[in-house]
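What follows is each chain in one-letter form.
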Amino acid sequence: MSALLHPFAEPAKPESDFINIVSATGSMLTADDGKQYLDGMASLWYCQVGHGRTEIIDAVTAQMHQLEAYSIFDPFTNPRAREAADLIVSKSPHPDGRVFLGCSGSEAVDSALKLARLVQQRRGATDKQIIVRRTHGYHGTNVGGTSAQGIAPNREGWGDLLPHVMEIPNGNIEEASKLFAEHGDRIAAVISEPVQGAGGVHVPEDGYLEGLRRLCDQHDSLLIFDEVICGFGRTGSWFGAQTFGVTPDLMTFAKGVTSGYQPLSGVILSRRIADEISEPGFLLRTGYTYAGHPASCAAAVANIGIIESEGLVDRASHIGRKSVEGFDALVADGLLASYRGVAGVWAVEIGRDSAPVKAKMLEEGVIVRGMGENIIWCPPLVVTDDEIGRFIETLEKAISVS
Ligand SMILES: Cc1ncc(COP(=O)(O)O)c(C=O)c1O
């Protein structure tokens, strides 16, 4: 048995049963047996600019030759960390905000939860500790994010998780209103993805995010958007907050910030929230060893440069239009029940278990995710029209024969 223990996998599965990816360019991957795959999931929803981009590789290499790594704990900083932070906030709805950096989406989520509670503690609202999560929400696998996620099987089997977490169902702002009416004086924050990703690609109902914003404002609670999937173009704007026109107090990002070339994540704090913790003499007692890692920050700067120069935020909307043309044709032929999503992230509803369809697509060289009765499509934002066409044709074939 191999020493490698895979995440979200059966530990008993032999290493030889895994697909061994050895190289990649654009939206195409190559396995060790020479088989090629279309990367219909941008790896794990993160590879916005496609694989093998020498601009990012060169930027990381140059940075590592100059300064491979150094901490940004007080009293140190480095130019790449500052540059990346300035660039990231400039694309966000908080251009005058601040950024707290980490490496993974899970670190960003747990940091956002801590920051939200910290702000309430510092306001003197010591009883405001409840985190409100949404059904189907996915917020990573650290203890905070495991507690705050609305996918029950992921929360089970670990013993007790965080106390003071409550759940609201999707799509019904009335339920959220009731929860706030009863517990609003103890709610620190609501955490929500703008579009729920790993929980099955659920786009918010009209007015839902606005409703959460209103309830948070009425009860002095904070709104956290987890933009780990939505950020950096996926929804057709730089951030989901902009696509849906709702501005959170704190927002997490990861994945698309570097397209995965180096691990980087963070929390954007609005200026108001940042000011609240900026009292002279107050020490922020939390942070990660690799925060502000120069190589990761160099990757972010180069990656954001590509997203900008190649117009990939608009390209995401184009991917949406092209995909929908294909989905509509399959619905008209009675092969698809329905579909949902926005710009670069979609779930198609096939009306039966998706596992055989996903397996057939993999055999045909197209990687998608199967979730219940849904097939998920979240390609690199550089995916070509021909590749979108190949995805639709393969989907049609797989539904027809499996
Ligand atoms: C919305 C969201 N939050 C947090 C995470 C966790 O990120 P990571 O796996 O980098 O810890 C993910 C990962 O898919 C995610 O989709």
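Before any of the text, the structure's been laid out above.
Residues numbered from 1 in each chain as written. Predicted model: local features only at pLDDT ≥ 70, side-chain atom pairs only at ≥ 80, totals over all residues. Heavy atoms only, no water.

**Q** Could you clarify how one ought to interpret helix H14 (residues 385-401) in this entry?
**A** An α-helical turn contains 3.6 residues, so a residue and the one three or four places further along point in the same direction. With 17 residues, H14 extends 24 Å between its outermost C-alpha atoms, agreeing within 8% with the 24 Å of an ideal straight helix rising 1.5 Å per residue. What H14 keeps buried is the set Glu 387, Ile 388, Phe 391, Ile 392, Thr 394, Leu 395, Ala 398 and Ile 399. For H14, the buried positions fall inside an angular range of 165° around the axis, keeping them on one side. In H14, the exposed residues that point more than 90 degrees away from the buried face are Asp 386, Glu 393 and Val 401. (Helix = DSSP H or I, 4+ residues; strand = E, 2+ residues; numbered from the N terminus. Expected span 1.5 Å × (residues − 1). Buried < 20%, exposed > 50% of the residue type's maximum accessible area, 1.4 Å probe, protein only. Arc of directions from axis to C-beta.)

**Q** What is the right way to look at the nonpolar core in this model?
**A** The nonpolar side chains of a soluble globular protein tend to be buried, and buried together. Grouped together as the largest cluster of nonpolar side chains are 86 residues, with contacts concentrated most on Trp 45, Leu 212, Phe 232, Phe 327, Met 361, Phe 391 and Leu 395. Among the elements that make up this core, the one with the highest residue count is helix H11 (residues 294-309) (9 residues). The residues that make up this core include at least three from each of domain 1 (15-52 + 311-401) and domain 2 (55-309). Apart from the residues lying within four places of it in its own chain, the contact partners of Phe 391 are Leu 38, Phe 327, Met 361, Val 366, Val 368 and Trp 377. By size, the runner-up hydrophobic cluster in this structure holds 21 residues, among which are Ala 112, Ala 116, Ile 191 and Ile 224. (Core = buried A, V, L, I, M, F, W, Y, C linked by side-chain atoms within 4.5 Å. Domains from an automatic or database assignment. Contact = heavy atoms within 4.5 Å.)

**Q** In this structure, what is going on with the sheet that holds strand S12 (residues 345-349)? I would like to understand it.
**A** Pairing between sheet strands relies on hydrogen bonds along the backbone, with the strands arranged either parallel or antiparallel. Reading across the sheet, the 4 strands line up as S11-S12-S15-S14 and stay open at both edges, with antiparallel pairing between neighbours. Of all strands in the sheet, those with a lone pairing partner are strand S11 (338-342) and strand S14 (369-371), marking the two edges. Averaged over all adjacent pairs, the angle separating strand axes in this sheet is 20°, with direction ignored. As defined by bridge partners, S11 adjoins S12 across 5 bridges and the pair is classed as antiparallel. Each bridged residue has a counterpart across the sheet, and for Tyr 339 the counterpart in S12 is Val 348. (Pairing = 2+ DSSP bridges. Axes fitted to C-alpha atoms, helices over the stretch in contact; angles between N-to-C directions.)

**Q** Would you explain the site of the ligand in this entry?
**A** Lining the immediate environment of the ligand, one finds Ser 104, Gly 105, Ser 106, Val 109, Tyr 138, His 139, Gly 140, Glu 193, Asp 226, Val 228, Ile 229 and Lys 255. Contact between the ligand and Gly 105: an oxygen atom at 2.8 Å from a main-chain N or O atom of the residue. Here an oxygen atom of the ligand sits 2.9 Å away from a polar atom, N or O, in the side chain of Lys 255. If the ligand stood free it would expose 390 Å²; the protein chains cover 83% of that surface. No other element matches the 3 residues that helix H4 (residues 105-122) contributes to the shell around the ligand. In terms of residue class, the shell around the ligand is built from 4 nonpolar, 5 polar and 3 charged. (Near = heavy atom within 4 Å. Polar contact = N/O pair within 3.5 Å; in protein donor to acceptor, adjacent residues only side chain to side chain. Areas by Shrake-Rupley, 256 points an atom, 1.4 Å probe, with all protein chains shown as cover. Nonpolar A, V, L, I, M, F, W, Y, C, P; charged D, E, K, R; others polar.)

**Q** How should the pairing of strand S15 (residues 374-377) be read in this particular structure?
**A** A regular strand carries its side chains on alternate faces of the sheet. Of the two faces of S15, both are covered, the one formed by Asn 374 and Ile 376 as well as the one formed by Ile 375 and Trp 377. Bridge count for S12 against S15 is 4 bridges, and the pairing is antiparallel. Bridge pairing links Trp 346 to Trp 377 in S15. Judged from the 3 bridges that link them, S14 and S15 form a sheet pairing that is antiparallel. Across the sheet, Arg 369 pairs through a bridge with Ile 376, a residue of S15. Here S14 folds back onto S15 in antiparallel fashion, the turn holding 2 residues, of which Gly 372 has a positive phi close to 60°.

**Q** Explain the pattern of salt bridges here, please?
**A** When the charged atoms of two side chains with opposite charge come close together, those side chains can pair. Scanning the entire structure with this criterion turns up 20 salt bridges. The partner of Arg 53 in a salt bridge is Glu 310, and the shortest N-O contact between them spans 2.6 Å. Taken together, the residues Arg 53 in the loop between helix H1 (42-45) and helix H2 (54-66) and Glu 310 in the loop between H11 and helix H12 (312-332) connect sequence positions 257 residues apart. Using a relative accessible area of 13% as the deciding quantity, one classes Arg 53 as buried. Salt-bridge contacts for Lys 397 lead to Glu 364; the nearest nitrogen and oxygen are separated by 3.2 Å. Here Lys 397, found in helix H14, pairs with Glu 364, found in the loop between helix H13 (355-363) and strand S13 (366-367); they are 33 residues apart in sequence, far enough to count as distant. (Salt bridge = Lys/Arg side-chain N within 4 Å of Asp/Glu carboxyl O.)

**Q** It is not clear to me how the side chain of Thr 394 should be interpreted in this structure. Could you clarify?
**A** Tracing the backbone through its elements, the reader meets Thr 394 in helix H14. Look past the residues within four positions of Thr 394 in its chain and what remains in contact with it is Met 361, Glu 364 and Val 366.

**Q** Is there a simple way to explain the packing of H12 against H14 in this structure?
**A** How two helices pack is summed up by the angle between their axes together with the distance between the axes. Taken N-terminus to C-terminus, the directions of H12 and H14 make an angle of 30°; their axes are 10 Å apart at the nearest point. Judged by the angle between their axes, H12 and H14 are roughly parallel. Classified by chirality, the crossing of H14 by H12 is right-handed. Two secondary-structure elements touch here, H12 through Arg 315, His 318, Ile 319, Lys 322, Ser 323, Gly 326, Phe 327 and Leu 330 and H14 through Asp 385, Ile 388, Phe 391, Ile 392, Leu 395 and Glu 396. Here the residues of the contact of H12 with H14 are counted per class, giving 7 nonpolar, 3 polar and 4 charged. (Parallel < 35°, antiparallel > 145°, perpendicular 65-115°, else oblique. Left-handed = near helix turned anticlockwise from the far one by under 90°.)

**Q** Got a minute to help me understand the packing of aromatic side chains in this structure?
**A** In this description, a pair of aromatic rings is defined by centroid distance and the angle of the planes. Inspection of every chain in the model, using the stated rule, returns 9 aromatic pairs. Seen in terms of ring centroids, Trp 377 and Phe 391 are 3.7 Å apart; in terms of plane orientation they differ by 5°. Their pairing is stacked. Taken together, the positions of Trp 377 in strand S15 and Phe 391 in helix H14 put the pair 14 residues apart, joining distant regions of the chain. One exposure class covers both Trp 377 and Phe 391, and it is buried. Its end group placed over the ring of Phe 18, Lys 13 keeps NZ or CZ at 4.6 Å from the ring centre. (Phe/Tyr/Trp six-rings, centres within 6.5 Å; stacked < 30°, edge-to-face > 60°. Lys NZ or Arg CZ within 6 Å of the ring centre and 35° of its normal.)

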